[in-house]
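# Observations on the three-dimensional arrangement
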Amino acid sequence: MGQLYSADHFIIIAIAGAVVMTLTYHLILYFQLRTPLLGAYTLYLFFAAVYIIFRSFFPDRSNTPSEVLDIDEMLQMLSFIFYIRFMGIAMELNKQNEKWAWRFTMAAPYIIIINTTVYQILLLQSPSTSIIETGIVLAKFLVRAYLLLAGLFLLLSVIKKRKGLFFRFIAGGALSIIVFGGLATLVHLFSPDGFIIASVCYTITGMFFDVVFFSAAVACKVHEDVKAKAEISKQLAEVQLTALSAQMNPHFIFNCMNSIQKYILKNEKDNALNFLQNFSQLIRGVLDNSAKIKIPLTEEVNMLEKYLQIEQQRLENKFSYSVEVALNLQNDFFEIPGMLIQPYVENAIWHGIMNMQEGDTEIRSGHINIAFEKQQEFIKCTVTDNGVGR
C-alpha cells in the first residue's frame, strides 16, 4: 500500500491532470479549426491520457505475462499510431520530396497493429512456456526499439531541411518522446519489477514534455498565421490602391487633353503652352508614383498644387486655393498613398464650387483650402470649400 502513495505515484497523478487539461484544450481547438494536424494530435492525447489515468489507478501493475489482455500495451500502441501520423503531417512529409520518410509514417501503424496482435495472442496462450514468454518479451520490446531508432533517424534526417520555430518545437517534443521512451524501455527491460513505476514515470514525463513543446508550436503557428493574414491584407490593400490609381489616371488625361485641344482651337498659344507645361509635370509625377504605395507628403502636396493650377486654368480662375502644411510635417519623413487626397479636391471643385457658380445670382469667387496637420501618430487632412456643399 505504501507503494501506492509513493512519490512516483503522485508524479503520475499530477501529469495525468495536466495532460487531461491539455486534451480538453486541444479538443476545443480541433472543433474550431478542424485540421488533420490537430485531429491526429488530439487522438494521441486522448489515448495518452487514458493510459496515464490507467497507470494512476494501477501504478505498481506488473507488465509480466498474464492471462488477460494487456490494456496498458494496447493504449500505448494506439497513442504511438496517432503520434506517428501527427508527425508525418506536422513535418509535411507528403508535400516534400521525402517519399521514404512518408512511407515510414504510413507503414509504422500497420507494424504496430500486427505486433500488438501477436503480443496479445501470445498472452492468451495457456499454459505458458519459456518459448511463449520469450516471444512476448520480443514482441513487446522489439517494436519499441524499432520505433525509437527509426523515429530518431527520421527526426534527425528531416529536421535539417525544416526551418522555423514551429518545426523546432515539434522536433523538441518528438525528441522528448524518444529519449524518455528509450529510458523507460531500458529500465523496464533490465531492472527488477520494483522499477516498473519508474519506467512508467519516464514514459509519462516524455509525454508531458511533448505536450509542452506542442503547445508552444501551436502558439507559434497561430502567430505565424495571424502575421500571414495581416501581410495578405496589406498586399490586398496595396493592390487596391494601385488599381485605384490606374483607374484615376485616364480621367486626368482625358480632361486635360480636352482643355489643351480647346486652347489650340482658340489659337491661345500662351495658355496652351502654360497648360501643357503644368500638365506634363503633373502627368510625370503621377506616372512616376503610380507604382509606389506611398510617397513623401511633400510630393503629394506638389502634385495637388499642379492639379489645382490646371483646374484653375481650365475654369478660367473661378476659384482660388491655398495649401497649408503644419511645420512638424514639412519634411520627407512622412508618407501617404499617392493621389489619395485628389478625389476629395476634385469633388470640392465640381460639386461645391461649380454648383455655386451656377446657382447663385450674386457671383462669388470660390475658394478651396487644403490643410495637413499631425495628430498623434496620424496625419489629418482637411479639404474645405465655400461652395454649396452638394
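Data block above holds the structure.
Report follows, based on the coordinates. Model, not experiment: these values are computed from the prediction.

## Overview of the sheet that holds strand β5 (residues 378–385)
- Judged by pairing direction, the sheet is mixed, and its three strands sit side by side in the order β2-β4-β5 without closing on themselves. What marks the edges here is a single partner per strand, and that holds for β2 (319–325) and β5. The average undirected angle you get between the axes of adjacent strands in this sheet is 10°.
- Relative to β2, helix α9 (residues 297–314) is tilted by about 175°, and along the sheet it contacts β2 and β4 (366–375).

## Quick look at the nonpolar core
- Counting residues in each nonpolar core, the largest one holds 42 residues, and the members touching the most others are F86, M91 and I170.
- Elements supplying a minimum of two residues to this core: α1 (7–33), α2 (36–57), α3 (71–90), α5 (130–159), α6 (165–190) and α7 (196–265).
- For this core, the leading source of residues is α2, giving twelve residues.
- Discounting chain neighbours no more than four positions away, the residues touching F86 are L37, A40, Y41, I170 and F214.
- Counting 32 residues, the second largest nonpolar core, distinct from the first, contains I260, I283, V301 and M303.

## Some words on the pairing of β5
- Pairing geometry for β4 and β5, over eight bridges, is antiparallel. Paired with K374 across the strands is I379, a residue of β5.
- The hairpin turn running from β4 into β5, its antiparallel successor, is two residues long, and Q376 in that turn takes a positive phi close to 55°.

## Remarks on α3
- Taking 1.5 Å of rise per residue, 20 residues should cover 28 Å, and α3 covers 28 Å from first to last C-alpha, within 8% of that figure.
- E92, located one to two residues past α3, shows a positive phi value of around 55°.

## Some thoughts on the packing of α3 against helix α4 (residues 99–123)
- One way to put it is that α3 packs onto α4 with a least axis distance of 9 Å and a crossing angle of 175°. Comparing the axis directions of α3 and α4 gives the class roughly antiparallel. For the pair α3 and α4, the contacting residues are E73, M74, M77, F80, I81, I84, R85 and G88 in the first and W102, T105, M106, A108, P109, I112, I113, T116, Y119 and Q120 in the second.

## Topic: the pairing of β4
- Bridge analysis of β2 against β4 gives seven bridges, and the strand direction is parallel. Across the sheet, V323 pairs through a bridge with I370, a residue of β4.

## Brief notes about unusual backbone geometry
- The phi dihedral of E316 is positive, around 60°, even though this residue is not glycine.
- Looking at the element boundaries, E316 is found in the loop between α9 and β2.
- On the basis of relative accessibility, which here comes to 56%, the residue E316 falls in the exposed class.
- Residue Q376 is not a glycine yet carries a positive backbone phi of 55°.
- Mapped onto the elements, Q376 comes out in the loop between β4 and β5.

Conventions we followed
Residues numbered from 1 in each chain as written. Predicted model: local features only at pLDDT ≥ 70, side-chain atom pairs only at ≥ 80, totals over all residues. Heavy atoms only, no water. Pairing = 2+ DSSP bridges. Helix = DSSP H or I, 4+ residues; strand = E, 2+ residues; numbered from the N terminus. Axes fitted to C-alpha atoms, helices over the stretch in contact; angles between N-to-C directions. Contact = heavy atoms within 4.5 Å. Core = buried A, V, L, I, M, F, W, Y, C linked by side-chain atoms within 4.5 Å. Buried < 20%, exposed > 50% of the residue type's maximum accessible area, 1.4 Å probe, protein only. Expected span 1.5 Å × (residues − 1). Parallel < 35°, antiparallel > 145°, perpendicular 65-115°, else oblique.

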